[in-house]
Amino acid sequence: MSLVKKPFLSTADVSKEDVIAIFDRSALFKKEFEEKGRIDHLIKPNSLGQKVVTLLFQEPSTRTRTSFQLAALRLGLRVVLLDNMSISSMQKGETVGDTIRNAAAMQPDLLIGRFNEDLDAEEAIKALEIPVINAGLGAKEHPTQALLDAFTIREYRGQVEGERVLLVGDVLHSRVANSNLKLLRNLGAEVAYCAPEEFRPKDSLWQDVQHFPHRDEAVQWASVIMGLRIQTERHKDERSIGLTVANFRDRYRIGGDQLNHFREDGILLHPGPVIRGVEFSNYVLQDPRCHVLDQVTNGVYVRAALMSFMLGIEVSS
Ligand code: CP
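Nothing here was measured: the structure is a model prediction, and the numbers come from that model.

*Asks:* Explain the overall build of the chain here, please?
*Replies:* Along the chain, the regular secondary structure elements total twelve helices and nine strands. The C-alpha atoms of the chain give a radius of gyration of 19 Å, which matches the 20 Å a tight globule of 317 residues would have. The C-alpha extent of the chain, read off along each of the three principal axes, is 55 × 50 × 35 Å. Taking all 317 residues of the chain together, 55% fall into the buried category. For the chain, restricting intrachain contacts to residue pairs at least 6 apart in sequence, the fraction spanning at least 24 positions comes to 75%.

*Asks:* How should the pairing of strand β4 (residues 132-137) be read in this particular structure?
*Replies:* Regular strands place side chains that alternate from one sheet face to the opposite one. Counting buried residues along β4, six of its six residues qualify, which places the element largely inside the surrounding structure. Pairing geometry for strand β3 (residues 110-115) and β4, over four bridges, is parallel. Counted as the bridge partner of G113 is N134 from β4. On the question of chirality, the crossover connecting β3 to the parallel β4 by way of helix α4 (residues 119-126) is right-handed.

*Asks:* It is not clear to me how the sheet that holds β4 should be interpreted in this structure. Could you clarify?
*Replies:* Strand order in the open sheet formed by four strands is β2-β1-β3-β4, and the pairing between neighbours is parallel. Two strands close off the open sheet at either side, each with one partner strand: β2 (78-82) and β4. The mean angle between the axes of side-by-side strands here comes to 15°, regardless of whether they run parallel or antiparallel. Strand direction decides the pairing type here: strand β1 (residues 52-57) and β2, joined by five bridges, are parallel. When the sheet's bridge partners are listed, L55 is paired in β2 with L81.

*Asks:* Looking at this structure, how should I read the pattern of salt bridges?
*Replies:* Two side chains bearing opposite charge may form a pair once their charged atoms approach each other closely. Going through the model one piece at a time under the given rule, you end up with 21 salt bridges. Across the pair K126 and E122 runs a salt bridge whose closest N-O atoms are separated by 3.1 Å. Here E122 and K126 lie together in helix α4, a separation of four residues that amounts to about one turn. The exposure class assigned to E122 is buried, which follows from its relative accessible area of 12%. Of the charged contacts in the structure, one is a salt bridge between E190 and R164, with a shortest N-O distance of 3.6 Å.

*Asks:* Would you take a moment to explain the sheet that holds strand β5 (residues 164-169) for this structure?
*Replies:* Across a sheet, strands are paired by hydrogen bonds formed along the backbone, either parallel or antiparallel in direction. Strand order in the open sheet formed by five strands is β7-β6-β5-β8-β9, and the pairing between neighbours is parallel. Strand pairing shows two members of the sheet lacking a second neighbour, β7 (210-211) and β9 (267-269), which therefore form its edges. As paired strands, β5 and strand β8 (residues 224-228) are joined by five bridges and run parallel to one another. Paired with L166 across the bridge in β8 is I225. Strands β5, β8 and β9 of the sheet are contacted by helix α5 (residues 143-157), whose axis makes an angle of about 160° with β9.

Rules behind the numbers
- Residues numbered from 1 in each chain as written.
- Predicted model: local features only at pLDDT ≥ 70, side-chain atom pairs only at ≥ 80, totals over all residues.
- Heavy atoms only, no water.
- Helix = DSSP H or I, 4+ residues; strand = E, 2+ residues; numbered from the N terminus.
- Rg over C-alpha atoms; globule rule 2.2 N^0.38 Å.
- Buried < 20%, exposed > 50% of the residue type's maximum accessible area, 1.4 Å probe, protein only.
- Contact = heavy atoms within 4.5 Å.
- Pairing = 2+ DSSP bridges.
- Right-handed = clockwise from strand over helix to strand, strands pointing away.
- Axes fitted to C-alpha atoms, helices over the stretch in contact; angles between N-to-C directions.
- Salt bridge = Lys/Arg side-chain N within 4 Å of Asp/Glu carboxyl O.

Take a look at the structure:
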């Protein structure tokens, strides 16, 4: 496992073999929890020590923050949480980079951080000498979301290799899309996207990725559909602000009409938060092919597995 005591900032940091090892351990944790209601008994004696994880969240989060916290507690780790920057010394003028450097200077065994896109934050986390997990960095990357997405694809489709994964929505501002593209291609999936002109990615990473201008054709191509929220908090230019939600919904929302053309054994995913009626209709969220809450459940086990590897925690199988 190349991630032991290393930073995990991008899905490009992890090899295919490491991903398989993370998935196998995630599946073990999930099965064990479903059977016995616990996973801490799998940890080999003396392997946990008194390890402490610091969660530092500058941006809002429901799923990522609490699933990391829950996963750490299920493993038997101790957790320090700083997720309300209005009570941090950033209020007194300290920069986000210095906040990260100070949190790391306290020497937690692992730092898990989510930050706005900010050069200061990026430079600080890249230079840390303690293990760090990127829990979402601006519009750049969200690698643990991509891991749990791919794990969910493997669980409900049987494999990732050969799958046709369609991203629909605001790809331009999505860190989830960037992390997923790198990971899914590494695992042998085909990736395409369907987005209005205003939300098409500009980065060279996306240059050779297939784009479907029309939703119906895209849905027929896919075996996995992943909706992406319109990330208004990251919109800086008039063009994207000018695209109304109603306009987006009319042309890009996945609803009952689209599901009629989607394969029976396909699956629908969304990293959340879902804005009901915009990316997916209420009807779609209730369809048995929709696994949005299963992704959230899987996030706990995938993050537990990742942390256990990064901390060098030994697990009996
Ligand atoms: N998917 C995701 O990152 O959700 P949160 O913003 O709620 O953590």
